[in-house]
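# Architecture at a glance
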Amino acid sequence: MNSQLFGTDGIRGIANQEPLTAPSVIKLAQVAAMVLSPAQHRSGQKVILGRDTRASGDFLEAAFASGLASAGLDVLLAGPIPTPAVAYLTAYHEAAFGVVLSASHNPFQDNGIKFFGPDGYKLDDDLEEAIETRFLRQHSSTSESVGRIRPLKEAVEQYVEFALSTVPKTSSFRGTKIVLDVANGAAYQTTPLALERLGVTIEVHSAEPNGTNINKACGSTHPEVLRDLVLKSGANIGLAHDGDADRILLADETGVTLDGDDILAIAAKSLVSRDDLRSKTVVATIMSNFGLDALLNGLGATLLRSKVGDRHVVEMMRQRDLNLGGEQSGHIIFRDFTTTGDGLISALQILAIAVETNQPLSELRKILTKFPQQLRNITVREKLPFEQIPSLQARLEAAEAALAGKGRVVLRYSGTEPKARLLLEGPDADRLRSLGDDIQAEIEKVLG
């Protein structure tokens, strides 16, 4: 759909500007109740509402909860808690749906709204479109009965207990030191508590949220910070989340960071060795490095690629009943345990592999050899479909033929800028540069 409200991951914007004003959020909550909890089934139904640590979360939480209660739904306030915790708690408490107020890795001025269905999965396009259509048509309603709003005091404990249940009981983590950066975000309570209960020695940073410091020079989008923390602390592992803790960034004991591709590689090898990688297939996005394809092929497995966004990864995993997928950005889905990207559970799975194999991350990450990349952002005056430009198609086909089986070419338009984004990957950097020059020249000639 050509969405005016929902983006690739829920609704996102600047807090206190449309559509994230109090009146609009109240209306959105009422509309969501109409779509996700029909009136004839609404009596006694509840909704889990969580948020990150942004200052604007206070008024948005109050507005959304008010809208839900006015529509007749009971609201359980989980407070500041990771996005994946809301996904888990929604299914655990048999709620009608779950809601997260967060803008993930964005600065504190932004905020957003994400929805989860009763099964803990993000909503599909049809449900998002139904909510959006009603919202834009000025449809909202109250109920003859009103819901109640109360805190879910045990939210942190329930989520941490669940996360720890995914770790093998035989694993011993004593002697492991982790330096932890929780981005002054939603995981400031949960991840430290989980690691402490495992007996891990932790050194915690950026765990004092004040409403405006979320993601500020910290967290998974600042790998240089995590690297420095590891080197100064002498930790075995560095771990960082983004603001809502659905992402993970790791660093080995030398300060080298591991992205989502590295984590998928380590997890895939472990699952293959135990014959637990379902259909011997992993799902990643078009942005993941071709080295991941090569590794999986060598393991007798296959890599499938989805559009960018963990929602699309999960959708493909569900369609094919697969249990491992993720994004280069650090959204990793261990679907045996979770329904969405989960930074804590991802960290626990990799930590368990390190303990089981008795190998440091610096050794584990060596299984993935990343191919050289050429990534170019080319300004265009218009966005004509690439397939309508024969001369460009010829250059693309020539490049694909040159890289056949040993690399790839991805060309797409930016969704927000007047640019074409060109990605080439292969074993020979000089060859990639030459092929990229040819394609870029043609794009600039025809569209520049």
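Going by the structure above, here's the rest.
Since this is a predicted model, take the numbers as computed values, not measurements.

## Focus on the overall build of the protein chain
On a plain count of helices and strands, the protein chain comes out with 14 helices and 18 strands. What you see for the protein chain is a C-alpha radius of gyration of 23 Å, in line with the 22 Å of a compact globule of 448 residues. The principal-axis extents of the C-alpha atoms in the protein chain amount to approximately 70 × 55 × 40 Å. A total of 448 residues make up the protein chain; the buried ones form 57% of that total. When contacts within the protein chain are restricted to residue pairs at least 6 apart in sequence, long-range pairs at least 24 apart make up 71% of them. In the form shown here, the protein chain has an accessible surface area of approximately 18600 Å², with 48% of it arising from carbon and sulfur atoms.

## Looking at the sheet that holds strand 16 (residues 373–379)
The strand order across the open sheet formed by 3 strands is 16-18-17, and the pairing between neighbours is antiparallel. Looking at strand neighbours, the two that pair on one side only are strand 16 and strand 17 (408–413), the edges of this open sheet. Averaged over all neighbouring strand pairs, the angle between strand axes comes to 10°, with direction disregarded. Where strand 16 and strand 18 (residues 419–425) come together, 7 bridges link them in antiparallel fashion. Paired with L375 across the two strands is L423, which belongs to strand 18. Across the sheet, helix 14 (residues 429–447) lies against strand 16, strand 17 and strand 18, angled at about 10° from strand 16, the strand it touches most.

## A look at the nonpolar core
In terms of nonpolar packing, the biggest core is built from 67 residues, with L195, L250 and L324 touching the most fellow members. It is helix 11 (residues 343–357) that provides the largest number of residues to this core, a total of 9 residues. Setting aside anything within four residues of it in sequence, one finds L195 in contact with I178, L180, V200, I202, L239, L348 and L351. Counting residues in each nonpolar core, the second largest holds 32 residues, with A29, V47, L68 and I113 among its members.

## Side note on the packing of aromatic side chains
Following the criterion strictly, the structure yields 7 aromatic pairs and no others. With 4.2 Å between their ring centres and 20° between their planes, F386 and Y413 make a pair best called stacked. Of this pair, F386 sits in the loop between strand 16 and helix 13 (390–402) while Y413 sits in strand 17, placing them 27 residues apart in sequence. Taking relative accessible area as the criterion, F386 reaches 10% and is therefore assigned buried. Residue classification places Y413 among the buried residues on the basis of a relative accessible area of 18%.

## Some remarks on helix 10 (residues 310–320)
Buried within helix 10 are the following residues: D310, R311, H312, V313, V314, M316 and M317. Residues of helix 10 that are buried in the fold lie against helix 4 (125–136), strand 12 (281–285), strand 13 (302–306), strand 14 (324–326) and strand 15 (332–334). Directly after helix 10, the chain includes D321, whose backbone phi takes a positive value near 55°.

## Remarks on the packing of helix 5 (residues 155–164) against helix 11
Where helix 5 contacts helix 11, the axes come no closer than 10 Å and their chain directions differ by 30°. Between helix 5 and helix 11, the angle falls in the class roughly parallel. Considering the relative orientation of helix 5 and helix 11, their crossing is right-handed. Packed against helix 5, whose contacting residues are Y159, F162, A163 and L164, the element helix 11 presents L344, I345 and L348 at the interface. Per-class residue counts for the contact of helix 5 with helix 11 are 7 nonpolar, no polar and no charged.

## Quick notes on the pattern of salt bridges
On inspection of all chains with the given rule, the structure shows 31 salt bridges. Between R227 and D228 there is a salt bridge whose closest N-O contact spans 3.2 Å. Given the relative accessible area of 35%, R227 is considered partly exposed. D276 is paired through a salt bridge with R274; the nearest N and O atoms lie 3.4 Å apart. Residues participating in the shared-partner salt-bridge network are D9, K114, K122, D244, D246 and D310.

## A look at the environment of D242
Considering the arrangement of structural elements, one finds D242 in the loop between strand 9 (237–240) and strand 10 (249–251). Taking the C-alpha atoms as reference points, D242 and N184, separated by 58 residues in sequence, lie 8.8 Å from one another. Those residues in contact with D242 that sit more than four places away from it in its chain are S104, H105, V182, A183, N215, S220 and R247. Here the side chain of D242 touches D246 through a polar contact of 3.3 Å, landing on its backbone nitrogen. At 3.2 Å, the side chain of D242 and the backbone nitrogen of R247 are in polar contact.

## Here's the deal with the sheet that holds strand 5 (residues 110–116)
Spatially, 6 strands are ordered 1-5-4-2-3-6 in an open sheet, and the strand pairing comes out mixed. In the strand order of this sheet, the two ends are held by strand 1 (11–14) and strand 6 (149–151), each with one partner. Along the sheet, successive strands turn relative to each other by an average axial angle of 20°, direction set aside. Looking at chain direction, strand 3 (residues 74–80) and strand 6 are connected through 3 bridges and run parallel.

## Describing helix 5
With 8 of its 10 residues buried, helix 5 lies for the most part within the structure. Of all the positions in helix 5, only A155, V156, Q158, Y159, V160, F162, A163 and L164 are classed as buried.

The rules behind the values
Residues numbered from 1 in each chain as written. Predicted model: local features only at pLDDT ≥ 70, side-chain atom pairs only at ≥ 80, totals over all residues. Heavy atoms only, no water. Helix = DSSP H or I, 4+ residues; strand = E, 2+ residues; numbered from the N terminus. Rg over C-alpha atoms; globule rule 2.2 N^0.38 Å. Buried < 20%, exposed > 50% of the residue type's maximum accessible area, 1.4 Å probe, protein only. Contact = heavy atoms within 4.5 Å. Areas by Shrake-Rupley, 256 points an atom, 1.4 Å probe, with all protein chains shown as cover. Pairing = 2+ DSSP bridges. Axes fitted to C-alpha atoms, helices over the stretch in contact; angles between N-to-C directions. Core = buried A, V, L, I, M, F, W, Y, C linked by side-chain atoms within 4.5 Å. Phe/Tyr/Trp six-rings, centres within 6.5 Å; stacked < 30°, edge-to-face > 60°. Parallel < 35°, antiparallel > 145°, perpendicular 65-115°, else oblique. Left-handed = near helix turned anticlockwise from the far one by under 90°. Nonpolar A, V, L, I, M, F, W, Y, C, P; charged D, E, K, R; others polar. Salt bridge = Lys/Arg side-chain N within 4 Å of Asp/Glu carboxyl O. Polar contact = N/O pair within 3.5 Å; in protein donor to acceptor, adjacent residues only side chain to side chain.

So, to be careful, I would describe these as geometric facts and stop short of saying anything about function.
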